[in-house]
Amino acid sequence: MLISINWIKDFVDLSGLDINGVIHTFSLSTAEVENEIFYKGSDISGIVCAEIKSVENHPDSKKLHLLKVDAGGDELVDVVCGAPNVRVGMKTAFAKVGAKIGEIEIAPRALAGYTSYGMCCSEKEIGISDDNSGIMEITDDIPCGTELKDAYEINDIIFEVDNKSLTNRPDLWGHYGIAREFATLTGRPLKPIETADLSVYDDLPKVDIKIEDELCKRYSGIRFENISRKISPVNMRIRLFYCGMRAINYLADLTNYLMLEMGQPMHAFDSRKVDKIRIKRFDKPFEFKTLDGVERHIDENTLMICNGDIPVAIAGIMGGLDSEIVDDTSSLTLESANFDAVSIRKSSSRLAHRTDASMRYEKSLDPEMTTVAAARFVKLLSDYDNGIRVTSSLTDEYASRFDDVTLSFDKAFVDKYTGIEISNETIVNTLTSLGFGVKLEGNSFTVDVPSWRATKDVTLKADIIEEITRIYGYDNFDVNTACAPLYPVRMTEEKNVEEQIKDILVKRFSLHEVHSYIWAYYDEYKKLGIDVEDNIKLLNASNPNIETIRRSMIPTQLCQVKSNTSFDTEFGIFEIGRVVNGVDENDLCRESKKLGITLFSKTASAEELYFRMTDMIAVVMDDIRHSEVTYKAVEADHSYIHPKNYNAVFCGDTEIGRIGLVYPTVLRKIDKKANVVFAEIDIKSVEGAVNKGITYSEASKFPSIDVDLTFISEKFAPIKEAVAALGSDLIKSISVADIYNSTEGKAITIRLCFVHPERTLTKDEVMEIADKLIADLDSKGIQMKK
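About the criteria used
Residues numbered from 1 in each chain as written. Predicted model: local features only at pLDDT ≥ 70, side-chain atom pairs only at ≥ 80, totals over all residues. Heavy atoms only, no water. Helix = DSSP H or I, 4+ residues; strand = E, 2+ residues; numbered from the N terminus. Rg over C-alpha atoms; globule rule 2.2 N^0.38 Å. Buried < 20%, exposed > 50% of the residue type's maximum accessible area, 1.4 Å probe, protein only. Areas by Shrake-Rupley, 256 points an atom, 1.4 Å probe, with all protein chains shown as cover. Lys, Arg positive; Asp, Glu negative; His and termini not counted. Charge placed at Lys NZ, Arg CZ, Asp CG, Glu CD. Contact = heavy atoms within 4.5 Å. Polar contact = N/O pair within 3.5 Å; in protein donor to acceptor, adjacent residues only side chain to side chain. Pairing = 2+ DSSP bridges. 1 Å grid on protein atoms, 1.4 Å probe; cavity = no way out; pocket = protein on both sides within 12 Å on 5 of 7 lines; lining within 4 Å. Points joined across faces, edges and corners; volume = space filled by probe spheres on them. Nonpolar A, V, L, I, M, F, W, Y, C, P; charged D, E, K, R; others polar. Core = buried A, V, L, I, M, F, W, Y, C linked by side-chain atoms within 4.5 Å. Arc of directions from axis to C-beta. Phe/Tyr/Trp six-rings, centres within 6.5 Å; stacked < 30°, edge-to-face > 60°. Axes fitted to C-alpha atoms, helices over the stretch in contact; angles between N-to-C directions. Parallel < 35°, antiparallel > 145°, perpendicular 65-115°, else oblique. Left-handed = near helix turned anticlockwise from the far one by under 90°.

Time to look at the overall build of the protein chain. Secondary structure summary: the protein chain contains 20 helices and 36 strands in total. The C-alpha atoms of the protein chain give 40 Å as radius of gyration, which overshoots the globular expectation for 786 residues (28 Å, by more than 25%). Considering only C-alpha atoms, the protein chain reaches an extent of 130 × 85 × 60 Å along its principal axes. Here the protein chain holds 786 residues, and the buried ones make up 48% of them. Carbon and sulfur atoms form 48% of the exposed surface of the protein chain, whose accessible area is close to 39900 Å². Put simply, the protein chain has 93 plus and 127 minus side-chain charges, and the middle of one group is 4 Å from the middle of the other.

In structure tokens:
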């Protein structure tokens, strides 16, 4: 938000002060000021008020005119000008020879055979508006030769306050609130804002106003007639332009001026089009054309201002095109209202239309300001257009009030929180200057929070401490080492598991940790031919590409792999992130944390890559829970998953995740010559898995016997189950020695290790067990290779 020092000076005497220093203090104590300060008018000089005495058309040009200009000197000045609006008797801004506009110095110049001794300027050329349609027309009674900078407030200092630092300070969204801070920081008195006495109109008829919805907290209105002025005063237009707003017409400019001055948005309706004001929502959606000419979709949650049942404005956001102020408007109905902050913010987001008014309303403005702003409007309107006539009393509908806030504390409370000695007098003076009501009895304070700070800002005693200390100056605090006990924070089991997983995957398997957002990126998914699955969506998402929350981390990682295929011929990535799978019975998101791992290789086969992944999962579970994992084939539950070799991963009887291959069409879009394997593990399930611990047994003194058996089988799992079913204590271990394809089918060679703790085993003992295993597997259709 741009702030004008000239405007601040209307309310606080800053004479004799270092303005840059005051702005710096404001930035330290109240709100962040952007680095650049603008010194308006400092780059122009020698521009005076001049009157055009004669106008002749240039003989050789259809656009140029030959003027004689009275610039306050003894003789008229010859000027060549191409502006379309020149006429005899017109007063304008004139840059004399020697004048400076920016880096340009005005000198006599030949134009189309005639010498011009100066230049008639537009408002844009001298930097006071963006109007470059013609030369500036001065309607005020200013003598010729008067420096324009002496006649108008062209010289000004403008600084910009970061809007984010004003979020919790609705009172600072206008110059008067900023002026209150300046007054407190400089110790200067704050001048009261000049308003009209509206009680003199109490006998006039009321405006027909009715609040029909609780989202409108207060609505004040008053009517005027006989408005003749169409163009705003120059100083008003200059202030609006310096503060980032465009001059429109007198009435629209006046409402904008009041918004920038007091922070209270207002709206002026043409009284010919609005006579019965109703504030309500509609049952059914409809289209509504706003002042900017855009058709907007209004839903049943958007609060509207209506003329009876006909909508004329979106409450707190923008007026309607059909009720706007036009050139022939001479009567108006003024709106000064207060609306529910959350409603305005949500409506603005739904409409994707954020205005200066909505930005202020969504900060929880002070409802007490509506009538004060209306009185200020009447004062300015009558000052600049003394023929206006008020035709109604101030009609004020007050539907909902904020609670009064009173806080009590003692001096010891202040000393405890600040750690320094701040006198009672300083505390009282600071809070009083900021507008708080303060009562001091001994060392006890009772503070009444002013309405403009009680909407959401100051609600706790700690907030009062902040007010005292920020004005006192944080840089005035003594720097002392804090003395407080420090207790170690024990890492949670979930966090401990996550850190262990990361260490294993990085240190042992050289994987790369990546980070991503929780969105299912539609554009990225589309490139790989992956559908965005229906899931929780973000309401009123400004970007449809990120409106859906992901169900799985794997599509995100496949997109990451796609964008890194040129990184190396082989790599792996992992991330521990969050996914959401619909909502529960309480309509709350079913959110969970997952470990996603994806391996990419242009050299390894899919089988080799698959077993690398199983090794990683086995090592992770063995290190963290000292447990084995098993696999069970399941059906593919996502479109990007290959239907074969898709397995659920179990630790004991608990499923902890899934492992699989990428569907061929998706794989080809990633890389036609590569293989990709993925796994997704549930962190909560890993955390909840039983830790079997490490058990130790005495090594046998006697030699072991290894027996290799080869079976025709597609899977190792049934063989392993059959070995376990034997229940033999002599079998120390079982492992896969080899896998190969034979003429009879896929063959798996297993190695059984036999050992006895107290004696040497005989061949007969070993072969008896082996024969039982062979017979058992044969009965299940798994035959031994011959």
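Here we take up the environment of Ser601. Structurally, the position occupied by Ser601 is in strand E29 (residues 589-601). Between the alpha carbons of Ser601 and Val677 there is a distance of 9.1 Å; along the sequence they are 76 residues apart. Among residues more than four places away in sequence, those in contact with Ser601 are Thr569, Glu570, Leu609, Ala674 and Asn675. Within the structure, the side chain of Ser601 is placed 3.1 Å from the backbone nitrogen of Thr603, a separation counted as a polar contact. At 2.8 Å, the side chain of Ser601 forms a polar contact with the backbone nitrogen of Ala604.

Moving on to the sheet that holds strand E20 (residues 318-319). The sheet built from five strands is open, its strands ordered E12-E15-E18-E19-E20 with mixed pairing. In this open sheet, the two strands that pair with only one neighbour each are strand E12 (208-211) and E20.

Let us now look at the layout of surface pockets. The space that makes up the largest pocket amounts to roughly 1700 Å³. Along the wall of the largest pocket there are 42 residues; nearest its centre are Phe611, Thr614, Tyr631, Phe716 and Ala717. For the lining of the largest pocket, the secondary-structure elements that each account for two or more residues are helix H16 (606-625), strand E30 (629-633), strand E31 (647-651), helix H19 (717-726), strand E35 (731-742) and strand E36 (745-754). A per-element tally of the lining of the largest pocket places H16 first, with eight residues. Among the residues making up the lining of the largest pocket, the classes are represented as 21 nonpolar, nine polar and twelve charged. The space that makes up the second largest pocket amounts to roughly 920 Å³. Looking at the lining of the second largest pocket, the elements with two or more residues in it are helix H6 (250-262), strand E14 (266-270), strand E19 (310-314), E20 and helix H8 (356-361). Looking at the lining of the second largest pocket residue by residue, the classes come out as 23 nonpolar, nine polar and six charged.

With 61 residues, the main nonpolar core has Ile23, Phe159, Phe182, Phe224 and Leu332 as its most contacted residues. Each residue touching Phe159, except ones within four places of it in the same chain, is listed here: Met1, Leu2, Ile3, Ile5, Ile23, Phe26, Val33, Ile37 and Phe182.

Where empty space is left becomes clear once a probe the size of a water molecule has been rolled over the atoms. Scanning all chains against the criterion turns up two cavities of 30 Å³ or more. The computed volume of the largest cavity comes to approximately 100 Å³. As for the largest cavity, its lining consists of 14 residues, and the residues nearest its centre are Tyr525, Asp531, Glu533, Arg551 and Pro555. Its residues assigned to classes, the lining of the largest cavity comprises seven nonpolar, three polar and four charged. Computed from the structure, the second largest cavity encloses a volume of approximately 60 Å³. Every residue lining the second largest cavity is listed: Ile501, Leu505, Leu595, Ile597, Met616, Ile617, Val620, Met621, Ile681 and Val686. Top element by residues in the lining of the second largest cavity is H16. It accounts for four residues. Taken together, the residues of the lining of the second largest cavity break down into ten nonpolar, no polar and no charged.

Time to look at helix H2 (residues 19-29). Where H2 is concerned, the buried positions are Ile19, Val22, Ile23, Phe26 and Ser29. Each buried residue of H2 sits inside an arc of 135° when the element is viewed along its axis, so together they form one side. Packing partners of the buried residues in H2 comprise helix H1 (5-9), strand E2 (33-40), strand E11 (156-161), helix H4 (175-186) and helix H12 (461-472). Where H2 starts, the residue carrying a side-chain oxygen 3.3 Å from the main-chain nitrogen of Asn20 turns out to be Asp18.

Moving on, we come to the packing of aromatic side chains. Per the stated rule, a full pass over the model turns up 19 aromatic pairs. With a centroid separation of 4.9 Å and 90° between ring planes, the pair formed by Phe11 and Tyr176 is classed as edge-to-face. Placement of the pair is Phe11 in the loop between H1 and H2 and Tyr176 in helix H4, with a sequence separation of 165 residues. Given a relative accessible area of 3%, Phe11 falls into the buried group.

Moving on, we get to the pairing of E12. Taking every second residue as pointing to the same face, the buried face of E12 carries Ile209 and Ile211, while none of Asp208 and Lys210 on the other face is buried. Across four bridges, the pairing between E12 and strand E15 (residues 276-280) is parallel. For Ile211, the partnering residue across the bridge sits in E15 and is Ile279.

With that settled, consider the environment of Leu166. Within the secondary structure layout, Leu166 lies in the loop between E11 and H4. Judged by its relative accessible area of 0%, Leu166 falls in the buried class. Measuring from C-alpha to C-alpha, the distance between Leu166 and Arg360 comes to 10 Å, with 194 residues separating the pair along the chain. Not counting residues within four places of it along the chain, the set of residues in contact with Leu166 comprises Met1, Ala31, Val161, Leu172 and Trp173.

This next bit is on the packing of helix H5 (residues 234-242) against H6. Relative to each other, H5 and H6 sit at 55°, their axes nearing to 10 Å. In terms of orientation, H5 and H6 fall into the oblique class. Helix-helix and strand crossings are classified by hand; for H5 and H6 the assignment is left-handed. Here H5 contributes Met236, Arg239 and Leu240 to the contact with H6, which in turn contributes Asp253, Leu254, Asn256, Tyr257 and Leu260.

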